[in-house]
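# Residue-level structure breakdown
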Amino acid sequence: MNKVKCLIIGSGPAGYTAAIYASRANLQPVLIEGPQLGGQLTTTTEVENFPGYPDGVEPFTMMDDMRRQAERFGTQFVSGIVTKVDFSVSPKKVWVEDTEEYEADAVIIATGASAKYLGIESERTYKGRGVSACATCDGFFYRKKTVAVVGGGDTACEEANYLAGLCEKVYMIVRKPYLRASEIMQQRVLNNPKIEVLFEHNTIQLTGEGKVQGADLVYRKGEPDEELRHIDINGFFLAIGHHPNTELFKDYLRRDAEGYILVEGDSPRTNIPGVFAAGDCADPHYRQAVVAAGSGAKAAIEADKYIKSL
Ligand code: NDP
């Protein structure tokens, strides 16, 4: 059993920023890195809106910078996944990979959010064989091929642009007659000759022998001019939003209907004293790296206050 003052779960901008603040406050934090080192940001291509990087920055570089900054002040990193917690006791208990047990005076949850899928059967059939939720991770396999990106938000636009740099052609499958993405991202998509936006289209199923070779779509579903259409594609990328990674805490923490951890006002305090939530796991609205980083700082400051009050 390991006894620590402050345990941080998650290695995205919220987790690393909490670690920088907690280590500078001499809390000697231990940070459990989780399944995706560097968090969700590492699935995008370039970060252009984080202050301090006027020319943009590669996400892995930015996350590594944050990690090294936390390390400089003494944060200890543990690679592994938290599989169980017990917040009914004090200190709180956290298990990594079911075997390694930690007792912590304060816990900062920064577990982020994960990609959503449409929920159609063929999506599961072809997972890893043409279906992906990460263009940066898998785009390379589709060089000079034709792919589709589902969604009309900033993520979908970003992924479509990235894939257009590698692929012969990119379809965007958008269920509404417009894109929800920010104006600048929309313009990039609409001005890219390799991207064809299929507005008012929904995916019915994916087709192919052993791997994705096509998609059956429906245009203007339920309308008098509804029409079935087929596109030939080699890859199908989901970019339809995310759900928070908070299942593990459901027996202890209050969450909203979508699973986001509920916090007290604009503080990172959860319903359990000594347990704090930061970043996308508690933020259904902004979901930005810089906002997550800010909430990580708040969580560490609150954790410090809490520990000193014990
Ligand atoms: P969003 O929730 O903004 O967009 C999701 C998109 O997927 C919408 O177009 C939505 O359609 C569509 N969608 C959802 N469910 C389905 C479904 N079942 N079938 C078909 N389409 C579906 O998520 P994002 O991941 O794009 O963005 C999340 C947040 O992160 C946003 O605030 C965004 O601005 C931000 N972000 C910022 C970036 C940047 O600034 N560089 C990069 C990436 C994200 P509909 O519009 O009809 O609801």
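Residues numbered from 1 in each chain as written. Predicted model: local features only at pLDDT ≥ 70, side-chain atom pairs only at ≥ 80, totals over all residues. Heavy atoms only, no water.

### Regarding the domain arrangement of the protein chain
As a reminder, the rule being used: Per the annotation, domain bounds derive from an automatic or database assignment of domains. Contacts are residue-level and defined by heavy atoms, with any inter-residue pair within 4.5 Å sufficient. Buried area, as used here, totals the accessible surface that two parts lose on assembly, with accessibility defined by a 1.4 Å probe and the loss added over both. Just to be clear on terms, a salt bridge is a Lys or Arg side-chain nitrogen sitting within 4 Å of an Asp or Glu carboxyl oxygen.
Each assigned domain of the protein chain is listed here: domain 1 (2–114 + 243–309) and domain 2 (117–238). Summarising the inter-unit geometry, the C-alpha centres of domain 1 and domain 2 are found 32 Å apart. Residue-level contacts link 5 residues of domain 1 with 7 residues of domain 2. Roughly 480 Å² is buried in total at the junction of domain 1 and domain 2, and carbon and sulfur atoms are behind 48% of that figure. Viewed at the interface, domain 2 and domain 1 are joined by 1 salt bridge.

### A short note on the site of the ligand
Definition in use: In this text, near means that some heavy atom of the residue lies within 4 Å of the molecule or strand in question. The term polar contact refers here to a pair of N or O atoms within 3.5 Å; inside protein, the definition further demands a hydrogen-donor-capable atom paired with an acceptor-capable atom, and it admits residues adjacent in sequence only when both atoms are side-chain atoms. Exposure was quantified through the Shrake-Rupley algorithm and a 1.4 Å probe, taking into account, for residues, occlusion by the shown protein chains and nothing else. Numbering of helices and strands starts at the N terminus; helices are DSSP runs of H or I of at least 4 residues and strands are runs of E of at least 2. All amino acids are sorted into three groups, where Ala, Val, Leu, Ile, Met, Phe, Trp, Tyr, Cys and Pro are nonpolar, Asp, Glu, Lys and Arg are charged, and the leftover types, Gly among them, are polar.
If you check the shell around the ligand, you find 18 residues, and the closest are G152, D154, T155, K176 and R180. A distance of 2.8 Å separates an oxygen atom of the ligand from a polar atom in the backbone of G152. The separation between an oxygen atom of the ligand and a polar side-chain atom of T155 is 2.6 Å. Burial of the ligand by the protein chains amounts to 80% of its free accessible area of 910 Å². For the shell around the ligand, the element with the highest residue contribution is helix 5 (residues 154–164), accounting for 3 residues. Grouping the amino acids of the shell around the ligand by side-chain chemistry returns 4 nonpolar, 8 polar and 6 charged. The residue makeup of the shell around the ligand includes at least three contributed by each of domain 1 (2–114 + 243–309) and domain 2 (117–238).

### So, the pairing of strand 13 (residues 214–219)
Selection criterion: Here's how the labels work: a residue is buried when its accessible area is under 20% of the maximum for its type, exposed when over 50%, partly exposed in between, all with a 1.4 Å probe on protein chains only. One requirement defines pairing of two strands: DSSP has to find at least two bridges between them.
Counting buried positions along strand 13 gives 5 out of 6 residues, so the element sits mostly inside the fold. When strand 12 (residues 201–207) meets strand 13, the two strands line up antiparallel, connected through 6 bridges. Residue H201 lies in a different strand from strand 13, and its bridge partner there is Y219. The antiparallel pairing of strand 12 with strand 13 creates a hairpin that spans 6 residues between the two strands, and G208 there sits at a positive phi of about 145°. The sheet contact formed by strand 13 and strand 14 (residues 227–232) spans 6 bridges and is antiparallel. Residue Y219 lies in a different strand from strand 14, and its bridge partner there is E227.

### Observations concerning the pairing of strand 15 (residues 235–238)
Burial along strand 15 is two-sided: G235 and F237 and F236 and L238, pointing in opposite directions, are all buried. Note: strand 8 (residues 131–132) against strand 15, 2 bridges, orientation parallel. When the sheet's bridge partners are listed, V131 is paired in strand 15 with F236. Across 4 bridges, the pairing between strand 9 (residues 146–150) and strand 15 is parallel. What sits directly across from A148, in strand 15, is F236.

### Digging into the packing of aromatic side chains
So the rule is basically this: In this analysis, rings of Phe, Tyr and Trp, with Trp reduced to its six-membered ring, are considered paired at centre separations within 6.5 Å, and the interplanar angle assigns stacked below 30 degrees, edge-to-face beyond 60, and tilted for intermediate values. Any Lys NZ or Arg CZ found within 6 Å of a ring centre and within 35 degrees of that ring's normal is scored as a charge over the ring.
Following the criterion strictly, the structure yields 7 aromatic pairs and no others. Consider the rings of F87 and Y252, whose centres lie 5.6 Å apart with planes at 55°: the pair is tilted. Here F87, found in the loop between strand 4 (82–86) and strand 5 (92–96), pairs with Y252, found in the loop between strand 16 (242–244) and strand 17 (275–277); they are 165 residues apart in sequence, far enough to count as distant. On the basis of an interplanar angle of 80° and a centroid distance of 5.4 Å, the ring pair of Y142 and F237 is categorised as edge-to-face. Taken as a pair, Y142 in the loop between helix 4 (135–138) and strand 9 and F237 in strand 15 lie far apart in primary sequence, 95 residues in all. Residue Y142 is classed as buried on the basis of its relative accessible area of 10%. Accessibility expressed as a relative area gives 0% for F237, which makes it buried. Ring pairing ties together the aromatic residues F87, F249 and Y252, which thus form one cluster. Over the face of the ring belonging to F73 we find R24, whose NZ or CZ atom lies 5.2 Å from the ring centre.

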